[in-house]
Amino acid sequence: TPSFMPNFQTILLCLLLALPLVIIHLLLGWRLLSIAHEEQFVAALGWGLLVSARYFFPLEVLRQIARSGGLAENHFQWSKHSTSVLRSQLRWLIDLAIPCVGLYAIVVNATELRAEESLGRVLFGTMLFICTVFLINTLHPRYGVLREYLQANSGGWIDRLRFIWYIGLCIAPIVLLGMSLMGYHYTATRLAMHLHTSFMTLVGLLLIYCIICRWLLLRKRTLIVQQARQRLEEARRRDADGSLPPAASTTSLPIELTDLSDINAQTMRLVSSTLLFAAIAAIAFIWSSVLPAVGALDSVKLWSVTGATPDEKLPVTLANLLLAIPAAIMTIVAAKNLPGLLEIALLQHLPLENAVRYAITSISRYTILMLGIAMTFNSLGVRWASIQWLVAALGVGLGFGLQEIFANFISGLILLFEQPIRVGDVITVGDTTGTVSKIRMRATTVMNFDQQELVIPNKDLVTGRLLNWTLSDSTNRMIIDVGVAYGTDTTQACQILREICLNHPNVLKTPEPTAFFEIIGDSTLQLKVRLFLASLDLRLP
């Protein structure tokens, strides 16, 4: 069975390989700071070692991840070209940039002169130049780490705008260098630090995305292996017994491959959307202290709402609106895709039937939707205290105007909680017999044996009469009419029929099959055989 443990061990090894030099820098820096006392140069040297360790560690971890045959290639499925480019560029970047970072920290902390008036400005410019060369070589659309991605997604937005983001990222250090030379050195250093933090945050989220994708892939493979093993076991039982025994026919199979693909797609959409919004939130948080425009959003007042008291007025600003929009989008994405993640991550590990898992995921979807709507309206200042009378009035109006819709919705909840029918049950409604495939908010879908979908309002299933063949037990009785000629010994004929049933592997021995002579027909003597099967699937064979 595929396991995530080798991935975890490889990640741990990458961290351990990057630690030795970092620990040496940290220990030396801490020791120099502890003995510095009034020696400014010794303290500056200690700060230089600590700062260089802080910038060295994430770059070295990334280089270890990209090593040949390592985590990126064998686990994250990165191409050899991408890892080779990233590894070679990080090698010289670490060798040149980290010493400059350490020297810059020493210069800033070792002298009373301002950094832009000393060697610090030269070192800062050197670091920016090194970063420019690194970005040019690493992010080049044709030769850089994104070459395979751009080729695979040719015609997409990233591919169409490749020259814009490529040129923009490459000239960013040059712009900061120009600001430093023009006298805005402090501003340039602040912006450079925030750019570095933003870049490393995005790289960290990318690695988290790759780890999650790897885990999901292993979970999918595990489920496929379990499904294959169970079907192989059933095939062995058929070969041994001549048919599928009753116990095997009543066991719930793992989710089908088509369902598994849909669940995996849902999970990937949820993970991608979540990390995208996490990246936006992280970037906004990093730059909130630098860009005054971010803070100015709170000063743009859109409207006011009533607070806890009638006299209290709470303003709703543009920042609240910008927070409500991603909250609403994430609510929709989570309501559509979270059941897939819940299925793979949790429900498959629990001893639950498929119908129970379906009920849990459906109720989770409704809960997420209601909580998301409440959070979105709360961020816009629309609170329950201020709209409860409006909701009550709308509830009465909608109750009369759309009473069937509300009745079907409540009936759908009753079906999910009470479970008189479940997904996968075989039911008979009117003159239609089929398998329950979906239980939605308004209606339930039943697939008959001609692969036709019958949509039944939930209210009809709760208040009407239906026959559930598999609610508590899939055992079912079958009646077979047999006609024999006049003059036949009916006692012997019934005995022969009972022996045939007892010798048949699909017929249950308890309750015991029976055969009786019941009717004298116009041309035959009618015998009736009553036997029990473990599953409806065995009726036709």
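In what follows, the accompanying structure is described. (Residues numbered from 1 in each chain as written. Predicted model: local features only at pLDDT ≥ 70, side-chain atom pairs only at ≥ 80, totals over all residues. Heavy atoms only, no water.)

What follows deals with the overall build of the protein. Of the regular secondary structure elements, the protein holds 18 helices and 10 strands. Looking at the protein residue by residue over its 541 residues, the buried ones come to 36%. Relative to all contacts within the protein whose residues are 6 or more apart in sequence, the contacts with residues 24 or more apart total 65%. Total accessible area on the protein stands at roughly 31400 Å², and carbon and sulfur atoms take up 66% of it. (Helix = DSSP H or I, 4+ residues; strand = E, 2+ residues; numbered from the N terminus. Buried < 20%, exposed > 50% of the residue type's maximum accessible area, 1.4 Å probe, protein only. Contact = heavy atoms within 4.5 Å. Areas by Shrake-Rupley, 256 points an atom, 1.4 Å probe, with all protein chains shown as cover.)

A separate point is the packing of aromatic side chains. One pass over the full model with this rule turns up 3 aromatic pairs. A ring pair is formed by Tyr-104 and Phe-124, whose centres lie 6.1 Å apart and whose planes are at 40 degrees; its orientation type is tilted. Separated by 20 residues along the polypeptide, Tyr-104 in helix H4 (residues 80-110) and Phe-124 in helix H5 (residues 119-138) bring together distant segments of the chain. Looking at Tyr-104, the relative accessible area reads 17%, which means it is buried. Exposure remark for Phe-124: the relative accessible area of 5% places this residue in the buried category. Over the ring of Tyr-55 we find Arg-54, and its NZ or CZ is 4.7 Å from the ring centre. (Phe/Tyr/Trp six-rings, centres within 6.5 Å; stacked < 30°, edge-to-face > 60°. Lys NZ or Arg CZ within 6 Å of the ring centre and 35° of its normal.)

Here helix H1 (residues 5-36) spans 45 Å end to end across 32 residues, near enough to the 46 Å set by a 1.5 Å rise per residue. The largest bend in H1 is about 40 degrees, located at Leu-19, with the proline Pro-20 one to four residues further on. Among the residues of H1, those classed as buried are Asn-7, Thr-10, Cys-14, Ala-18, Val-22, Gly-29, Leu-32 and Ala-36. Looking one or two residues beyond H1, the residue adopting positive phi is His-37, at roughly 55 degrees. (Expected span 1.5 Å × (residues − 1). Bend = angle between axes of the 7 residues up to and from the residue.)

The step from Thr-510 to Pro-511 runs through a cis peptide bond, and the omega angle for that step is 0 degrees. Tracing the sequence through the fold places Pro-511 in the loop between helix H18 (490-503) and strand S9 (514-520). We note that Gln-77 has phi near 60 degrees; this positive angle belongs to a residue other than glycine. Tracing the backbone shows Gln-77 in the loop between helix H3 (71-74) and H4. For Gln-451, which is not glycine, the phi torsion reads 60 degrees and is therefore positive. Counting through the fold element by element, Gln-451 comes out in the loop between strand S5 (443-448) and strand S6 (453-457).

Here we have 3 strands laid out as an open sheet, ordered S8-S10-S9, and antiparallel in their pairing. The open sheet terminates on both sides in strands that have one partner only, identified here as strand S8 (476-484) and S9. Ignoring strand direction, the axes of neighbouring strands in this sheet form an average angle of 25 degrees. With 9 bridges connecting them, S8 and strand S10 (residues 525-533) associate as antiparallel partners. Within the sheet, the bridge partner assigned to Asp-481 lies in S10 and is Lys-528. Across the face of the sheet, H18 comes into contact with S8, S9 and S10 while running at roughly 20 degrees to S10. (Pairing = 2+ DSSP bridges. Axes fitted to C-alpha atoms, helices over the stretch in contact; angles between N-to-C directions.)

Another point: the pattern of salt bridges. Evaluation of the coordinates by the stated rule reveals 7 salt bridges. A salt bridge links Asp-481 to Lys-528; its shortest N-O distance comes to 2.7 Å. Here Asp-481 is found in strand S8, whereas its partner Lys-528 is found in strand S10, with 47 residues between them in sequence. Glu-518 serves as the salt-bridge partner of Arg-530, at 2.9 Å between the closest nitrogen and oxygen. With Arg-530 in strand S10 and Glu-518 in strand S9, the pair connects residues that are 12 residues apart, well separated along the chain. Look at Glu-518 and you get partly exposed, because its relative accessible area is 39%. (Salt bridge = Lys/Arg side-chain N within 4 Å of Asp/Glu carboxyl O.)

Our focus in this paragraph is the sheet that holds strand S7 (residues 467-468). Sheet strands associate in pairs through backbone hydrogen bonding, adopting either a parallel or an antiparallel arrangement. The 5 strands are arranged S6-S5-S4-S3-S7 in an open sheet whose pairing can be described as antiparallel. In this open sheet, the two edge strands, each paired with only one partner strand, are S6 and S7.

If you walk through the whole model with that rule in mind, you get 0 disulfides. Considering cysteine sulfurs only, Cys-131 is the nearest to Cys-100, which forms no disulfide, with 9.4 Å between them. Cys-100 gets classed as buried once you look at its relative accessible area, which sits at 11%. (Disulfide = S-S within 2.5 Å.)

Judged by nonpolar contacts, the single largest core of 45 residues is most densely connected at Ile-65, Leu-90, Leu-93 and Phe-124. Residue contributions to this core peak at 11 residues, all from H4. Discounting chain neighbours no more than four positions away, the residues touching Leu-93 are Leu-59, Ile-98, Ile-130 and Phe-134. One finds Cys-494, Cys-501, Leu-531 and Leu-538 within the second-largest nonpolar core, a separate group that totals 13 residues. (Core = buried A, V, L, I, M, F, W, Y, C linked by side-chain atoms within 4.5 Å.)

Before going further, it helps to examine the side chain of Thr-470. Along the chain, the position of Thr-470 falls in the loop between S7 and S8. Every residue in contact with Thr-470, bar those within four places of it in the chain, is listed here: Arg-422, Asp-425, Val-426 and Leu-536.

Attention shifts here to the environment of Pro-141. Note on placement: Pro-141 falls in the loop between H5 and helix H6 (147-152). Sequence spacing of Pro-141 and Asp-159 is 18 residues, and the spatial spacing of their C-alpha atoms is 8.5 Å. Once residues lying within four places of it in the same chain are set aside, the contact partners of Pro-141 are Arg-147, Leu-150, Arg-162 and Tyr-166.

Attention now goes to the packing of H5 against helix H8 (residues 162-181). Helix-helix packing is characterised by the crossing angle of the two axes and by the distance between the axes. Viewed as axis vectors pointing N to C, H5 and H8 meet at an angle of 170 degrees, and their least axial separation amounts to 9 Å. The angle between H5 and H8 places the two elements in the roughly antiparallel class. Contact with H5, carried on its side by Arg-121, Phe-124, Gly-125, Leu-128, Cys-131, Thr-132, Leu-135 and Ile-136, involves Tyr-166, Leu-169, Cys-170, Pro-173, Ile-174, Leu-176, Leu-177, Ser-180 and Leu-181 of H8 and no other residues of that element. In terms of residue class, the contact of H5 with H8 is built from 13 nonpolar, 3 polar and 1 charged. (Parallel < 35°, antiparallel > 145°, perpendicular 65-115°, else oblique. Nonpolar A, V, L, I, M, F, W, Y, C, P; charged D, E, K, R; others polar.)

The next subject is the environment of Val-203. Tracing the sequence through the fold places Val-203 in helix H9 (residues 185-241). On the basis of relative accessibility, which here comes to 16%, the residue Val-203 falls in the buried class. For Val-203 and Pro-58, which are 145 residues apart along the polypeptide, the C-alpha to C-alpha distance reads 9.7 Å.

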